[in-house]
Structures are given as C-alpha cells and as structure tokens.
Amino acid sequence: MRVLAAVSGGVDSAVAAARAVDAGHDVTAVHLALARDPASSRTGARGCCTLEDARDARRAADVIGVPFYVWDLAERFSADVVDDFVAEYAAGRTPNPCLRCNEKIKFAAVLDRALALGFDAVVTGHHARLAGGVLRRSVDAGKDQSYVLAVLTRDQLAHALFPLGDSTKARVRAEATARGLAVADKPDSHDVCFVADGDTRGFLRRRLGDRPGPLVDALTGEEVGRHGGAYGFTVGQRRGLRLERPAADGRPRYVLDIEPVGNRVTVGPAELLDVAEVTGDRPVWTSGSAPGAALDCLAQLRAHGTAVPASVTVSADRLEVRLHERVRGVATGQAVVLYDGDTVLGSATVSRVGGPLTRA
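Conventions used here
- Residues numbered from 1 in each chain as written.
- Predicted model: local features only at pLDDT ≥ 70, side-chain atom pairs only at ≥ 80, totals over all residues.
- Heavy atoms only, no water.
- Helix = DSSP H or I, 4+ residues; strand = E, 2+ residues; numbered from the N terminus.
- Expected span 1.5 Å × (residues − 1).
- Bend = angle between axes of the 7 residues up to and from the residue.
- Buried < 20%, exposed > 50% of the residue type's maximum accessible area, 1.4 Å probe, protein only.
- Contact = heavy atoms within 4.5 Å.
- Pairing = 2+ DSSP bridges.
- Axes fitted to C-alpha atoms, helices over the stretch in contact; angles between N-to-C directions.
- pLDDT = per-residue confidence, 0-100.

A short note on helix α3 (residues 74–90)
At 3.6 residues per turn, the α-helix brings residues three or four places apart onto the same side. For α3, which comprises 17 residues, the first-to-last C-alpha distance of 22 Å matches the rise-based estimate of 24 Å (1.5 Å per residue) to within 8%. For α3, the principal kink sits at Asp-84 and spans about 30°. Where α3 is concerned, the buried positions are Ala-74, Phe-77, Ser-78, Val-81, Val-82, Phe-85, Val-86, Glu-88 and Tyr-89. Residues of α3 that are buried sit in contact with β2 (26–33), β3 (68–72), α4 (97–116) and α8 (200–208).

And the structure:
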C-alpha cells in the first residue's frame, strides 16, 4: 500500500513512519509547515512547527530511508484552527485545537491531497488502535489519543494508519533509540501548540484587545473583581482570578460561567461546577451509522478525563447525555466522546451543560 506519513519532528511520528516501512508499505514522509512565522527552536516542551522540528523530521526520514517533502499549510491552519480557537474563546466557549487540527488539517486537507496524489492512506503517530475501521483506545492509557480522533468519520478512518496503538510511550522511545533516531529523547509538546510560551490569555489579548468587565459571585450576585476580557477564562479555572475580596465562607472560587455578550464572568464554589447533563451538537459517528434512539455507554468530556457511565438520547443533529456520575468543570466548546468499553462510538461538540444529578 502507498502511504503518506505525517512526520512532525517528534518521536511518535518518526517511529510510526518506520513501522509503516517495516509493514511493507511504500512510504513517503511529509512535514506540515503550519506556522506562518516559525521560530528557530522550541521552548522546552512547548510549541511545535518550528524550524528545528522541520530539520528533525527530515533527519528522521533520512534514517528511515524514505522520500521527504514539506507541505505548507500555514494559511489553512491559521483559518481552520487558530482563527477558530480565537473565535470560540470570544464566544465564551473552550475549544480543543488538537481535535480541530485532526478534523480540518490532518484528516481533511492532508488526507484529501494524499488521496488525490494516489496515496492509499495517511500514517500518523497518534496513540490509538485502529482495526477494521474501528477506533479503540491505545494500550497506553496515559497517552491515549482516541478522544481527539473521535471527530473522524468512518471514511476517513478507512484511509488512516495508527501504528503506535499497541505500544506504550516508553516502548516507542526505546524503539527510536534502537533505530538510531535522534528524536528518541525529544520532549513531547504540551498545551496549545501555536501558543509556544503557554500564555493563552496573552495570545488572546493580542488578537481581541482589552475588554474589561465584572467578576460576579454566583451566590451573592455581587461584583467581586474586574477582568480584562472574559475570553481569558475557562470554566473550572481557579488561578488568576484576581478577586478583590475573598468569599464570605472563606472557600476558593472557580469560574462557573462566561457570558460574552455582557462580558461577565461568574465565579462560585467548586460544587457548583458539577454537571449531570450535557447536550452535544453536530454528532460524528466514528463507528459508522448513528445508533438507535437511545444507548447506554461511557462518556468522556476532556482529553485526559475519566469516562463515566451515561445514557444517551440520539437525534439527527444532537445528543442528550445523562451522566450517572458527577463530572466537574465541563465547558461548552469541548467534545463529548462516547465509548463502548475501549471502542469509540462517536463524538459531539458540547453546547450546553447542567441538570440535576442522575444516578445509575
């Protein structure tokens, strides 16, 4: 099979490409240039898409012995991932840019171009298992990335290869060392890849400007502080609130709600973050066609969160998810991903949270 291996310059994508060669595929490596103005080097474990990453990807392709190309997708990445990220925060939601990148870049722009050029599939270094078109969790629970792949359609998965799903990260690094890949000990990137310094609030301020507004206590309705922009907060946040006076009960306060029109951020005690019901829009059924009107399954609401039992009512363009256990700090804009054991059923974008606790 003729396959295109997306090599980022990290250890996972390099080993995935090497394994594709070992499996007998005709492999071509491609590095995605996603930054308009790439920095010359990474900052610790933050950031990606630097000139250093491009050089590391080229060296890995040389060691593996496959052709190497660079595809400039900076404009597409800026429009579909970065601009979407900014717009979602401006609307009071909390997006997951990794999920959006998989949906719009790696398995839309890249896969579409690959198929047009005669390739049969795209290979990536994601930690997830894929067999017979069924997406499952990685054997390494700590590195599992099935959550951020749950936006993919059945057809996209039919043209994807994830060679690392049966390996732990420690084994991947050991294999990279044995293969002589210089990226064997390279740190993983963390946080938002295009915010290299980790200062998401500062990044958004530069894009959206200062938008002062009130911080309001949910229990008393009183203004307890001011902020420079509601976009700089996420539901569940505790640090960086800069409250002007402590709560009457002396307990810490967390962000409960973000109201972009009135530019108001509501804070309150942790227990008010507990969620029992979630509405998800625009479902994607990774497993194929939509199930019947209702199903019992597991629901995961954060990339590294714990999946909890849930009952799901399904319609054409919406999911109503009743959680059997409390989940704390769910934000709109994130994904709700449904599992049957370790198998991904599908996903949807969280549009509403709330409701009384529902127990099994």
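Considerations on the sheet that holds strand β8 (residues 213–217)
On the basis of which strands lie adjacent, the open sheet formed by four strands has the order β9-β8-β11-β10 and mixed pairing. Looking at the sheet topology across the chains shown, the edges are occupied by β9 (223–227) and β10 (254–259). Ignoring strand direction, the axes of neighbouring strands in this sheet form an average angle of 25°. Pairing geometry for β10 and strand β11 (residues 264–268), over five bridges, is antiparallel. From the neighbouring strand, Val-255 faces β11, where its bridge partner is Val-267.

Some remarks on the confidence of the model for the chain
Mean pLDDT over the chain works out to 91, with 94% of the residues at or above the 70 mark. Throughout residues 356–360 the model reports pLDDT below 50, and contacts reaching past four residues in sequence, or to other chains, amount to 12 contacts.

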